[in-house]
Amino acid sequence: MVDSRVTYTESLETINYPKHGGRGVVIEIKDFSLWYGHQQALFNNTLSIERGLVTALIGPSGCGKSTLIRSLNRMNDLIDGLRTQGQIHFSDENIYNPNVDVIGLRKRMGMVFQKPNPFPMTISENVTYPLKVDGIRDRRLLDETAEKALRAAALWDEVKERLHANALGLSGGQQQRLCIARAIAGDPEVLLMDEPCSALDPLATAKIEDLIYQLRGQYTIIIVTHNMQQAARVSDNTAFMYLGKLIEYGDTRTIFTNPKHGRTQDYVTGRFG
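Residues numbered from 1 in each chain as written. Predicted model: local features only at pLDDT ≥ 70, side-chain atom pairs only at ≥ 80, totals over all residues. Heavy atoms only, no water.

Student: Describe in detail the pairing of strand β9 (residues 237-242), supporting the description with residues and values.
Tutor: With respect to burial, β9 is a largely interior element, 5 of its 6 residues being buried. Where strand β3 (residues 54-58) meets β9, 4 bridges bridge the pair, whose relative direction is parallel. Within the sheet, the bridge partner assigned to alanine 56 lies in β9 and is threonine 238. Looking at chain direction, β9 and strand β10 (residues 245-251) are connected through 6 bridges and run antiparallel. Paired with alanine 239 across the strands is tyrosine 249, a residue of β10. Between β9 and β10, which pair antiparallel in sequence order, lie 2 residues; one of them, leucine 243, sits at a positive phi of approximately 50°. (Buried < 20%, exposed > 50% of the residue type's maximum accessible area, 1.4 Å probe, protein only. Helix = DSSP H or I, 4+ residues; strand = E, 2+ residues; numbered from the N terminus. Pairing = 2+ DSSP bridges.)

Right, here's the structure in full:
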């Protein structure tokens, strides 16, 4: 794991980037715009998310990163006055078609938020909550799922002796990994992470970054981050956004070392942001 204190340039020199060929596209964003009432937040964004890779969304505060990632599982639908234009295709279906099962969509896209949000229940119950919502009561299946998800989230060895303790007693970093375990317990195809490390200390952040690296390939991961070093360390592709618009998108190494757009160059070199 790369030390979280190094510069993004040093990070780029140590990363072993996987090859991208032959994976295919899992999410296709086409001319997508969004309004909150009369205020437009996203402007005609077009973006293809490759299956099994980690895609980072970077850009200054208020540029539309979180709005875009929350559009992918229609979390923004909960906001009054929301209006969208354009399309987002997931597995060849426009998720904004009127007949789309939004609850089913969200099950296929697990989400991890900025701050850890474990439920006030046991560690085991937190992980198996999505299954119980679906009516699954088989204790053996629930226990197997809890162990599998906690192992995948690199948390099993730390909590296996206290699965029936309250999850709120875990550290912040452990709580966030628990939330990742809960997100993957329902076997989603995509993991959406909206600044998952912003509330964590450097050690906990390093563990989450290690986990993201381990989960690549098993899931398509989209992560919003303000931290350019983090984007350089964990992602295969990077999208730079500014004022609600996608400015540049491509291989992470290229975005950080040889961007095509001057504004991207200014951002990744710290001239603004």
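On we go from here.
Student: Pulling in residues and values, what's your account of the sheet that holds strand β4 (residues 82-90)?
Tutor: Strands sit in the order β2-β1-β4-β5 across an open sheet of 4 strands; the sheet is antiparallel. The open sheet terminates on both sides in strands that have one partner only, identified here as β2 (39-50) and β5 (93-94). Sheet contacts for helix α2 (residues 65-72): β1 (25-36), β2 and β4; angle to β1, the most-contacted strand, approximately 120°. (Contact = heavy atoms within 4.5 Å. Axes fitted to C-alpha atoms, helices over the stretch in contact; angles between N-to-C directions.)

Student: Account for the pattern of salt bridges, with residues named and values stated.
Tutor: Within the structure shown, the criterion is met by 12 salt bridges. One salt bridge connects arginine 140 with glutamate 144, and the closest N-O pair in it is separated by 3.2 Å. Of this pair, arginine 140 and glutamate 144 both sit in helix α5 (residues 139-152), separated by 4 residues, roughly a single helical turn. The exposed category is assigned to arginine 140, whose relative accessible area is 64%. On the basis of relative accessibility, which here comes to 42%, the residue glutamate 144 falls in the partly exposed class. (Salt bridge = Lys/Arg side-chain N within 4 Å of Asp/Glu carboxyl O.)

Student: Can you break down the environment of lysine 207 residue by residue, with the values?
Tutor: Within the fold, lysine 207 resides in helix α8 (residues 202-215). Once the C-alpha coordinates of lysine 207 and cysteine 197 are considered, the two residues, 10 residues apart in sequence, prove to be 9.7 Å apart. Setting aside residues up to four positions removed in sequence, lysine 207 forms contacts with Glu158 and Arg177.

Student: Explain the confidence of the model for the protein residue by residue, including any values.
Tutor: For the protein, the mean per-residue pLDDT works out to 90, and 92% of the residues sit at or above 70. Averaged pLDDT values over the elements of the protein bottom out at 40 in helix α1 (residues 8-14) and peak at 98 in β3. Confidence drops under a pLDDT of 50 for residues 1-22, and excluding neighbours within four residues, the segment shows 43 contacts in the predicted structure. (pLDDT = per-residue confidence, 0-100.)

Student: Mind laying out the side chain of glutamate 195, listing which residues take part and the relevant values?
Tutor: In this structure, glutamate 195 sits in the loop between β7 (190-194) and α8. Here glutamate 195 is buried and forms no salt bridge, its nearest opposite-charge partner lysine 65 lying at an N-O distance of 5.4 Å. Those residues within four positions of glutamate 195 in sequence are excluded, and the remaining contacts are Phe113, Gln114, Val224, Thr225 and His226. (Lys, Arg positive; Asp, Glu negative; His and termini not counted.)

Student: Give me the lowdown on the sheet that holds strand β8 (residues 220-224), citing residues and values where you can.
Tutor: The strand order β6-β7-β8-β3-β9-β10 describes an open sheet built from 6 strands, whose pairing is mixed. Looking at strand neighbours, the two that pair on one side only are β6 (109-112) and β10, the edges of this open sheet. Mean inter-strand twist for the sheet, computed between neighbouring axes without regard to direction, equals 15°. Along the sheet, α2 makes contact with β3, β6, β7, β8 and β9, crossing β7 at roughly 155°. Each of β6 and β7 touches helix α7 (residues 172-185); the most contacted strand, β6, lies at about 170° to it.

Student: Could you give me a rundown of the state of the cysteines, with the residues and numbers involved?
Tutor: Scanning the model with the defined rule gives 0 disulfides in all. The structure places no disulfide on cysteine 63, whose sulfur is separated from the nearest cysteine sulfur, that of cysteine 197, by 18 Å. With no disulfide of its own, cysteine 197 lies 12 Å from the sulfur of cysteine 179, the closest cysteine sulfur. (Disulfide = S-S within 2.5 Å.)

Student: Mind laying out the packing of α7 against α8, listing which residues take part and the relevant values?
Tutor: The contact between α7 and α8 brings their axes to 9 Å, and the two run at 20°. Compared by their axis directions, α7 and α8 come out roughly parallel. The interaxial crossing formed by α7 with α8 has right-handed handedness. On α8, the residues touching Gly173, Gln176, Arg177 and Ile180 of α7 are Ala204, Lys207, Ile208, Leu211 and Leu215. Residues belonging to the contact of α7 with α8 are distributed by class as follows: 5 nonpolar, 2 polar and 2 charged. (Parallel < 35°, antiparallel > 145°, perpendicular 65-115°, else oblique. Left-handed = near helix turned anticlockwise from the far one by under 90°. Nonpolar A, V, L, I, M, F, W, Y, C, P; charged D, E, K, R; others polar.)

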